[in-house]
Amino acid sequence: MSEIPEHYVHYLILSDLGAGLGWYAPWEVDEADSYGGVLTIPVSGGSPFDEYVVEVVHAGAAREPEMHILTRLNDTEFSADIHGIEINLRVFDAGELALPHNYIGNLHHDDFACKLLAIQPVENGLYDIILDKLRGVLIGCDPFRHYTHRDGSPLSDV
Amino acid sequence: MKPIDIYHGTSLEFANDIVGPPPNPKVNIGGGEFGVGLYFQTSRGNAGMRVSSRYPDWRVVVATYCDNVTHGLKIKQFDHKQSDKLRASIPKDRRKSHRCNRDIVIGTIQRQPDVIQYKFESVSAEERLRNEAHLRLL
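First, a word on what this report is: a plain description of the structure on this page. (Residues numbered from 1 in each chain as written. Chains lettered and ligands numbered in written order. Predicted model: local features only at pLDDT ≥ 70, side-chain atom pairs only at ≥ 80, totals over all residues. Heavy atoms only, no water.)

1. Here's the deal with the interface of chain A and chain B
For the record, the criterion: Contacts are assigned to residue pairs with any non-hydrogen atoms lying within 4.5 Å of each other. Defined here as a combined quantity, buried area equals the accessible surface (1.4 Å probe) lost by two parts on assembly, summed across both. When a carboxyl oxygen of Asp or Glu is within 4 Å of a side-chain nitrogen of Lys or Arg, the pair counts as a salt bridge. Pairing of N or O atoms within 3.5 Å defines a polar contact, subject to two protein rules: one partner must be a possible hydrogen donor and the other a possible acceptor, and residues neighboring in sequence count only if both atoms are side-chain atoms.
Taken together, the contact between chain A and chain B spans 39 residues of the former and 30 residues of the latter. When chain A packs against chain B, the two sides together hide about 3,000 Å² of surface, and 53% of this comes from carbon and sulfur. Here chain A is connected to chain B by seven salt bridges. On the surface where chain A and chain B come into contact, there are 18 residue pairs in polar contact (both at pLDDT 80 or more).

And the structure:
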């Protein structure tokens, strides 16, 4: 890897919490509204970028996310190799998740200037496999390290 | 019924409280798409992704869902279409107060028809979780 990609994968929730349909970070919504999150990627004019950073955080350990690269195979499919686990993700075929949406929450990340498009595992149970083998989860972009409030302050100390 | 493991992601503090010893699950604190209750789901990876994006320190709690948990309880199970209908009927401001008047409510997660969620709603369901579900950390 010669260069760190500019853009990240993000784990977000598509919801209509009073401001139309758009993406929110789970951290900023009530616990009762925080179900149904998906991985998303920022897109430009509807087209994906060539590479994204995707981070893994581990359960029961100091929060030190691992950085991996998700590569675009074509306009709908993406792949990564995380410690020998082949990660294959693709865009949704239909429904609200098949369309890019704006982030409409109250946090800041440079990627939130782009529309974001949901992606899903090609193989059923991929996220379970990752948790079993790595004791970690694909968080995309760790909000506690990379997101800020609008005034630039961090979400919390980690 | 063949026993299955179901999963609840939460902060490290709450996870330790739920698991104990003594185990201390609470159905009256949290809420979700089907209203007030303690929620578990069939995907541990899904549970982990959600909770790790909410809490810096997090764990996934495992419960065993089996006959000893469900025996004699009032359980309502919804398919994905019915789950969507139930979701739509509960205003977002009632997600921590709405009751389905069942001990356990089972349905899908919004936009995730392959993932089943289990809402433990009643005190009876809470007792079964505490005494029969072999609560533990993943």
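2. Re the layout of surface pockets
Threshold: A 1.4 Å probe that fits but cannot get out identifies a cavity on a 1 Å grid over protein atoms alone, an open set with protein on both sides within 12 Å along at least five of seven lines counts as a pocket, and a residue lines either if it has an atom within 4 Å of a point. Grid points are joined across faces, edges and corners, and a volume is the space filled by probe spheres set on the points. Numbering of helices and strands starts at the N terminus; helices are DSSP runs of H or I of at least 4 residues and strands are runs of E of at least 2. Each residue gets one label: Ala, Val, Leu, Ile, Met, Phe, Trp, Tyr, Cys and Pro are nonpolar, Asp, Glu, Lys and Arg are charged, and the others, such as Gly, are polar.
Here the largest pocket defines a volume of roughly 680 Å³. For the lining of the largest pocket, the elements supplying multiple residues, two or more each, are β3 (38-44), β10 (115-121) and α1 (126-134) of chain A together with α4 (80-89) and β8 (112-120) of chain B. Residue contributions to the lining of the largest pocket peak at four residues, all from β8(B). Tallied by class, residues from the lining of the largest pocket come to twelve nonpolar, eleven polar and seven charged. Volume-wise, the second largest pocket comes out at about 320 Å³. Considering the residues around the second largest pocket, the lining is formed by 21 residues, among which B:H8, B:T10, B:F14, B:I29 and B:G30 are closest to the centre.

3. A short note on the pattern of salt bridges
Close approach of charged atoms lets side chains of opposite charge pair. All names here are of chain A. If you walk through the whole model with that rule in mind, you get 18 salt bridges over all chains. Here R72 ties to D75 by a salt bridge, and the two come within 2.9 Å at their closest N and O atoms. One network of salt bridges, in which partners are shared, links D50, R72 and D75.

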